[in-house]
Amino acid sequence: MQTEVICKTCKSRVATKTGNTSNLFSHLKAKHNDLYQLCSAEKSSSSGESTLVHQPKQQSISSSFESITPYPVSSRRHREITEAITRYLAKDMVPIATVGKPGFLHLMNTIDKRYNIPSRTYFSRIAIPQMYEHTRDRVMLELRDVEHFACTTDLWSSRTTEPYISLTVHFIDKAFKMRSLCLQTAYFPSEHSGENIALGLREALSGWNLNEARLVCFTTDNATNMIKAAEINGWPRLQCFGHRLHLAIENAVKCDTRISRALGVCKKLVGHFSHSWKKKEALKKAQRELNLPEHGLITECPTRWGTKQQMMERILEQQRALSQVLSENRSTRHLVPSWQDIEVLESVNKALKPLQDFTDALSGEEYVSISCLLPVLRLLNTQTLAADEEDTELTCSIKTKVLGYMEVKYEDPATQTLFNISTFLDPRFKKDYIPKEQREEISLRIKSEMKEAQPAVAISSSSVGAAVSGAEAEPCQSATATSTKRMKKSLGSLLQTSVTSPSESSDHATIEAEFNSYILIPKIHSEQDPLAWWGIHKVNFPHLSKLAEKYLCVPATSTPSERLFSTPGNVVTCQRASLKPNKVDMLVFLSKNL
């Protein structure tokens, strides 16, 4: 038996009297650690045992069964995944049948093998209604503290011609953040008369515990039934600026034969290139040769005047490329716009293009828009739609007609008062855009409303006296029960009287001081957020901040309700045409409020 071994690395002698390899490994570990690690790995792989090199521990039988056992339905993990899938279906407007598709099942099995996805019936009848109830309770809780709010509404028909009526509510919360909530997209099979709409809207507000007395304004389009519904309910109504501008533009261009001919040429061009992929490729080739933007033509939407202007602008941009493609074929040369058509398109585009930005800016939901209407109307009158020496006769005519239509339709005294008050309460404008002859009247109106808000504001100032008197209340009551002797007035009761019962002159002086201080401080930049300013300065102007919270929540357009219908349009698709109206309401509500 060999008793000694010579190390090939360091030539040292290592004893092996018993014939095992323990000494050899000890030598490698002490003298040549890298070789020792290599030998240990080879020994472990050949023997299948875990030595000094880390290897995964063998799972126990119980843990092996746990890794393949499905989650119990009542387990936390199962509930979390199910809720996440429900939220995905509702928020992204995904068909509920998705949960049974092979691809989705494979995805969930890859993510977590222990999760057994419930059936589509479970999501449709249990999960989504439960999420709807929870979200509805949260929205109800949020609306409970709302002091003033505004609404928008509109009517819509789905792909299956089922009629719906929408209702959105807008308010400013205690942190002075603009909030917009979709309350309903309700099935409305009744005749769309003013009486039925008025009743439906009143029931909708009642269903959400919203007091009609707190409704500041009701923004709708100019439909006759909407106007009548507002009159029946006695609600203040604001005409949608976007709809009003659309009617003004349609009124300005509808009776001019030159414009009608030019628009007809544009529509024929768009239709010609939309139905032929060869013409589209030829147009792209011409655009590259002429170094023009590779833009496609735009189709007009009859209910959106902006698409008409964009269609004309795109035709003017691609005029050379269109002429080159159409001139190559004798059968299409008649589609080439004439120089008279081009002049008309240029005149109309020059008049309408600046108006597109105003419509887009006033259609937002997350910022103040009502206070910008007076400045916008002033800007239209003095700059945007003002006559220019370089304007053609047609451009001047369009500008004059649009401006005259807008001014006449906003002459209503109640609307003017709403504009004036909201503009005054915007620290970007204040009195700048209020007509001089109306400033005194608006100032008196605002001071009167500030005085009406006095009890609510005075609560905080009277809390000190109430707290002091509260400490005396219980002893006084107990003393009265045992003795009929007259009690002396405590210091707390005297303080309470002096604090909570100020004289009318003191109230008037406080309101005057707050009003004058607001006027004297500098206006903020037009790009700044007025709500952020009020959030900081509400302590300095407690009465005016209440009025700002009341009036600045009104949306200038009914776009929120119209935009809402793009959601049910994505919910009630060709593949989901059998959805019941109550399920449509749930899915739209969740998509907007989750």
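Rules used throughout
Residues numbered from 1 in each chain as written. Predicted model: local features only at pLDDT ≥ 70, side-chain atom pairs only at ≥ 80, totals over all residues. Heavy atoms only, no water. Helix = DSSP H or I, 4+ residues; strand = E, 2+ residues; numbered from the N terminus. Expected span 1.5 Å × (residues − 1). Buried < 20%, exposed > 50% of the residue type's maximum accessible area, 1.4 Å probe, protein only. Arc of directions from axis to C-beta. Contact = heavy atoms within 4.5 Å. Pairing = 2+ DSSP bridges. Axes fitted to C-alpha atoms, helices over the stretch in contact; angles between N-to-C directions. Phe/Tyr/Trp six-rings, centres within 6.5 Å; stacked < 30°, edge-to-face > 60°. Lys NZ or Arg CZ within 6 Å of the ring centre and 35° of its normal. Salt bridge = Lys/Arg side-chain N within 4 Å of Asp/Glu carboxyl O. Disulfide = S-S within 2.5 Å. Parallel < 35°, antiparallel > 145°, perpendicular 65-115°, else oblique. Nonpolar A, V, L, I, M, F, W, Y, C, P; charged D, E, K, R; others polar.

In the nomenclature of an unreviewed UniProt entry, the chain is known as Zinc finger BED domain-containing protein 1-like of Carassius auratus.

Draft legend 1. Region of the structure containing helix H11 (residues 277–289). Taking 1.5 Å as the rise per residue, H11 with 13 residues should run 18 Å; its terminal C-alpha atoms sit 19 Å apart, in good agreement. For H11, the full list of buried residues reads Lys279, Leu283, Ala286 and Gln287. Across the axial projection of H11, the buried residues extend over an arc of 100 degrees, all falling on one side. Away from its buried face by more than 90 degrees, H11 exposes Trp277, Lys278 and Lys285. At its buried positions, H11 is contacted by helix H10 (257–274) and helix H13 (319–327). Downstream of H11 by a residue or two, asparagine 291 has a phi angle that is positive, lying close to 55 degrees.

Draft legend 2. Here's a closer look at the sheet that holds strand S3 (residues 149–157). Spatially, the 5 strands line up as an open sheet ordered S5-S4-S3-S6-S7, and their pairing is mixed. Of all the strands in the sheet, just strand S5 (178–187) and strand S7 (237–239) have a single pairing partner and so form its edges. Between one strand axis and the next, the sheet turns through 25 degrees on average, direction left out of account. In this structure, strand S4 (residues 163–172) lies alongside S5, joined through 9 bridges in antiparallel fashion. Paired with phenylalanine 171 across the two strands is arginine 179, which belongs to S5. Sheet strands in contact with helix H7 (residues 194–207) are S3, S4, S5 and strand S6 (215–220), and its direction is about 50 degrees off that of S4.

Draft legend 3. Inspection of the packing of aromatic side chains at higher detail. In the structure shown here, the tally under the stated rule is 16 aromatic pairs. With centroids separated by 6.0 Å and ring planes inclined at 20 degrees, the aromatic side chains of tryptophan 533 and phenylalanine 541 adopt a geometry described as stacked. Here phenylalanine 541 falls in the buried class, since its relative accessible area comes to 6%. The ring of tryptophan 208 carries arginine 136 above its face, with NZ or CZ at 4.1 Å from the centroid.

Draft legend 4. Representation of the pairing of S5 in the model. Taken across its 10 residues, S5 has 7 buried, putting it largely inside the fold. What sits between the antiparallel neighbours S4 and S5 is a turn of 5 residues, in which phenylalanine 176 has the positive phi angle 60 degrees.

Draft legend 5. Main features of the pattern of salt bridges. Taken as a whole, this structure holds 25 salt bridges when the rule is applied. Salt-bridge contacts for lysine 308 lead to glutamate 300; the nearest nitrogen and oxygen are separated by 3.7 Å. The exposure classification of lysine 308 matches that of glutamate 300, with both residues buried. Close ionic contact of lysine 550 with glutamate 449 constitutes a salt bridge, the shortest N to O distance being 3.3 Å. Within this pair, whereas lysine 550 is found in helix H23 (residues 542–551), its partner glutamate 449 is found in helix H18 (residues 436–452), the two being separated by 101 residues in sequence. One exposure class covers both lysine 550 and glutamate 449, and it is buried. The network of salt bridges with common partners includes Glu147, Lys174, Lys546 and Glu549.

Draft legend 6. Representation of the state of the cysteines. Applying the stated criterion across every chain yields a total of 0 disulfides. Looking at the unpaired cysteine 7, the closest cysteine sulfur is the one in cysteine 10, lying at 3.6 Å. Judged by relative accessible area, which is 11%, cysteine 7 ranks as buried. You can see cysteine 553 has no disulfide; the closest cysteine sulfur is in cysteine 217, sitting 8.9 Å from it. For cysteine 553, a relative accessible area of 1% puts it in the buried group.

Draft legend 7. View of the packing of H18 against H23. With their axes 9 Å apart at the nearest point, H18 and H23 run at an angle of 105 degrees to one another. Our classification of the angle between H18 and H23 gives roughly perpendicular. Here Arg445, Ile446, Glu449 and Met450 of H18 lie close against H23, whose contacting residues are His543, Leu544, Leu547, Lys550 and Tyr551.

Draft legend 8. Main features of the packing of helix H4 (residues 76–91) against helix H6 (residues 120–144). One way to put it is that H4 packs onto H6 with a least axis distance of 10 Å and a crossing angle of 90 degrees. Considering their axes alone, H4 and H6 lie roughly perpendicular with respect to each other. Here H4 contributes Thr82, Glu83, Ile85, Thr86, Arg87 and Leu89 to the contact with H6, which in turn contributes Tyr122, Phe123, Ala127, Ile128 and Met131. Here the residues of the contact of H4 with H6 sort into 7 nonpolar, 2 polar and 2 charged.

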